[in-house]
Amino acid sequence: MAEITAGMVKELREKTDAPMMECKKALTEAGGDMAKAEEILRVKLGNKASKAATRLAAEGVVGVHVANDGKLAAIIELNCETDFVAKNDEFLALAASLSRMVAEQNPADVAALSALDLNGKTVEATRTELVGKIGENMTIRRFVRLQAQGQIAQYVHAGSKIGVLIDLVGGDAQLAKDIAMHIAASKPKALDASGVAAELIDTERRIAIEKAREAGKPEAMLEKIAEGTVQKFLKEVTLLGQVFVKAEDGKQTIEQLLKAKGASVAAFVLYVVGEGLEKKSNYFAAEVAAQAAAAKKG
């Protein structure tokens, strides 16, 4: 039996927002397997166990550059340690410069971008100088360069914490803007089902089967129930399957909207600052201290 450490409980707690004791029980049942423990919590607690995944986990901004002809664009995430620095003019200027450089010079990766010249110095030297000047670490996390089949539109939201690029074929500027705003609000994982990772689909299927089994459903019905759950999941996480946020009837999907407008989405990119990163927090320690104090008082 694997030892269940406080650090493991803390990690699962931060991933799921589930109560600490539930996290410990799940880890024990899973033999210390973090992914399996998370599945166990989702079976027991439903979607409450995944709400922490929507929290921003690091500070910084999303920088976006779109060429004047709307045929070429780039989006980049530049991270820092605090929201205060994320509002710094020099930090914002660096993000803008980097997104333009990605679009115009097409570096292969972050290392290649860091080696490019920026006003007589390498990007890395510029970054290092700014770190020394501001006194806070900052990193180039990721970027995407998008060559359009149609026309590119952008949308930046929440103080540059969320950025969207969309390549729309057909339609018009208003449609492109509306769909870009929808993406920022609804955060699809892919354009359609073919773009959703098989691992995510398998996880949803396993969870659906276990939940149905715990609810006492007949074994013969489990696969059918799971398939229905997976299809519902795919509608929720794919752009074409999602209901348009501005749909007047509350039913029209993005796919139906595009068809009505004679348009299609060739590609989109969504960046949320800090997505998938772990923000330093004393919340867990504070909770432990509070429980210990309550126990002592009791």
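This text follows the structure it describes.
### Considerations on the environment of Val-61
- Among the structural elements, Val-61 can be located in strand β1 (residues 59–66).
- Taking relative accessible area as the criterion, Val-61 reaches 2% and is therefore assigned buried.
- A C-alpha to C-alpha distance of 9.8 Å links Val-61 and Ala-96, two positions 35 residues apart in sequence.
- Filtering out sequence-adjacent residues up to four positions away, Val-61 remains in contact with Ile-76, Glu-77, Leu-78, Ala-86, Phe-91, Leu-92, Ala-95, Gly-159, Ser-160 and Val-273.

### Here we look at the pairing of strand β2 (residues 72–80)
- In terms of burial, β2 is a largely internal element, nine of the nine residues being buried.
- A two-sided burial pattern is seen for β2, the buried positions comprising Leu-72, Ala-74, Ile-76, Leu-78 and Cys-80 on one face and Ala-73, Ile-75, Glu-77 and Asn-79 on the other.
- Of the pairings in the sheet, the one linking β1 to β2 comprises eight bridges and is antiparallel in character. Across the sheet, Glu-59 pairs through a bridge with Cys-80, a residue of β2.
- Taking the residues that link successive antiparallel strands as the turn, the β1-β2 hairpin has five residues, and the phi of Gly-70 there is positive, at about 70°.

### Observations concerning the packing of aromatic side chains
- Tallied over the entire structure, the rule returns zero aromatic pairs.
- Over the ring of Tyr-271 we find Arg-142, and its NZ or CZ is 4.0 Å from the ring centre.

### A closer look at the side chain of Asp-167
- Inspection of the secondary structure assignment puts Asp-167 in strand β7 (residues 162–169).
- Buried charge Asp-167 goes without a salt bridge, the closest partner of opposite sign being Lys-71 at 6.9 Å.
- A polar contact is formed between the side chain of Asp-167 and the backbone nitrogen of Gln-149, at a distance of 2.7 Å.
- Every residue in contact with Asp-167, bar those within four places of it in the chain, is listed here: Leu-146, Gln-147, Ala-148, Gln-149, Gly-150, Gln-151, Ser-264, Val-265, Ala-266 and Ala-267.

Conventions and cut-offs
Residues numbered from 1 in each chain as written. Predicted model: local features only at pLDDT ≥ 70, side-chain atom pairs only at ≥ 80, totals over all residues. Heavy atoms only, no water. Helix = DSSP H or I, 4+ residues; strand = E, 2+ residues; numbered from the N terminus. Buried < 20%, exposed > 50% of the residue type's maximum accessible area, 1.4 Å probe, protein only. Contact = heavy atoms within 4.5 Å. Pairing = 2+ DSSP bridges. Phe/Tyr/Trp six-rings, centres within 6.5 Å; stacked < 30°, edge-to-face > 60°. Lys NZ or Arg CZ within 6 Å of the ring centre and 35° of its normal. Lys, Arg positive; Asp, Glu negative; His and termini not counted. Salt bridge = Lys/Arg side-chain N within 4 Å of Asp/Glu carboxyl O. Polar contact = N/O pair within 3.5 Å; in protein donor to acceptor, adjacent residues only side chain to side chain.

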